[in-house]
Amino acid sequence: MHDSGGEQHRHFEAVSGNGAAHTGNAEARAAQVRTAFAGLLQIRAVMNTGAAEPHALPAPWERHRPVQAVALALEAAGIPPSATGPDGRRTAVGYGVGETDAPGTVRVEWLGPPGSGAAQHQQAELKRCAEVLRPLGWEVLEYRGRGRQRFLEVEPLPLPI
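Here goes a summary of the coordinates provided. For every chain, the first residue of the written sequence is number 1, and numbering continues from 1 onward in sequence order. Where local features are concerned, this predicted model is filtered to residues with pLDDT of at least 70; where side-chain atom pairs are given and counted, the filter is 80 or more; whole-chain, interface and lining totals use all residues. Where side-chain values are given, they derive from all heavy atoms of the structure, hydrogens and water being excluded.

### Observations regarding the overall build of the chain
Quick reminder of the rule: Each helix corresponds to a stretch of at least 4 residues labelled H or I by DSSP, and each strand to a stretch of at least 2 residues labelled E; elements are numbered beginning at the N terminus. The atom set for the radius of gyration is the C-alpha atoms, and the globule formula is 2.2 Å times the number of residues raised to the power 0.38. Between buried and exposed lies partly exposed: a residue is buried under 20% and exposed over 50% of the maximum accessible area for its type, with that area taken using a 1.4 Å probe on protein chains only. Residues are treated as being in contact if the distance between any of their heavy atoms lies within 4.5 Å.
Along its length, the chain carries 4 helices and 6 strands. The N-to-C order of helical and strand elements in the chain reads α-α-α-β-β-β-β-α-β-β. Against the compact-globule benchmark of 15 Å for 161 residues, the chain has a radius of gyration of 16 Å, which places it among compact chains. By residue count, 34% of the 161 residues in the chain fall in the buried class. Counted over contacts in the chain with a minimum sequence separation of 6, partners at least 24 positions apart contribute 48%.

If you want it as structure tokens, here you go:
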């Protein structure tokens with residue numbers, strides 16, 4: 001489908017921080033993120049009717065697409081995503097959300113180009129990410145990997161029985 005300007009309409013996709021930086025209109029993107037996140041909360045309300053707090057528990061869609069769900073939550077909270085250039089090098093400081101070997105679990109890192117100071121802010125920024133995710137029903141554990149780099153492992157809380 002095309003509009004009068006010739007641009008192709010695409011579905012919304014949360015920014016994982018592991019691809020090219022968003023280059024469109026920042027206000028339009030913020031509106032898209034707000035709409036997508038509001039839709040996610042509506043899905044939670046419908047799908048989690050048996051839960052005491054339906055908005056505080058990931059819906060089935062999120063459990064099947066945790067990278068997108070976690071990235072949407074972080075982007076909706078105003079936390080900036082990292083980005084990479086065509087050569088794969090980091091071009092922006094921010095979160096990066098990626099898959100792990102464990103199904104349903106994602107890894108959240110604080111990334112940036114060399115010399116950007118991202119490593120010095122890693123602990124505080126990952127704490128900020130955790131503070132966004134925990135009230136939304138994500139279990140968040142902090143680890144240290146190679147080079148003492150911190151990262152979060154994030155998975156949805158179990159469904160109530």
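Read on, since the account is not over.
### Digging into the pairing of strand β6 (residues 150–156)
Heads up, the condition is: At least two DSSP bridges between two strands are needed for those strands to be called paired.
Of all 7 residues in β6, 5 are buried; the element is thus mostly enclosed. Two strands pair when backbone bridges link them, and strand β4 (residues 106–111) and β6 are joined in this way by 3 bridges, in the antiparallel orientation. Of the residues in β6, the one forming a bridge with R107 is E153. Bridge count for strand β5 (residues 138–144) against β6 is 7 bridges, and the pairing is antiparallel. Counterpart to E142 in the pairing with β6 is L152. Between β5 and the antiparallel strand that follows it, β6, lie 5 residues; G147 among them carries a positive phi value of about 65 degrees.

### Details of the pattern of salt bridges
For side chains bearing opposite charge, pairing can occur when the charged atoms are close. Under the convention used in this document: The rule for a salt bridge is simple: a side-chain nitrogen of Lys or Arg has to be within 4 Å of a carboxyl oxygen of Asp or Glu.
Within this structure, the stated rule accounts for 7 salt bridges. R29 is the partner of E75 in a salt bridge, and the nearest nitrogen-oxygen pair spans 2.8 Å. Highlighted residues: E75 in helix α3 (residues 66–76) and R29 in helix α1 (residues 26–47), separated in sequence by 46 residues. By relative accessible area, R29 is classed as buried at 10%. K127 is the partner of E131 in a salt bridge, and the nearest nitrogen-oxygen pair spans 4.0 Å. Note that E131 and K127 are positioned in helix α4 (residues 118–133) at a spacing of 4 residues, about one turn of the helix. With a relative accessible area of 52%, K127 lands in the exposed category.

### Quick look at the sheet that holds strand β3 (residues 94–99)
Let me state the cut-off plainly: Lines fitted to the C-alpha atoms define the axes, with helices restricted to the stretch that makes contact. Angles between their N-to-C directions range from 0 to 180 degrees.
The strand order across the open sheet formed by 4 strands is β3-β4-β6-β5, and the pairing between neighbours is antiparallel. At either margin of the open sheet sits one strand with a lone partner, and together these are β3 and β5. Neighbouring strand axes in the sheet, compared pairwise and without regard to direction, differ in orientation by 25 degrees on average. In the packing of α4 onto the sheet, contacts are made with β3, β4, β5 and β6, and the angle to β4 comes to roughly 140 degrees.

Function cannot be inferred from these measures alone, as they are strictly geometric.
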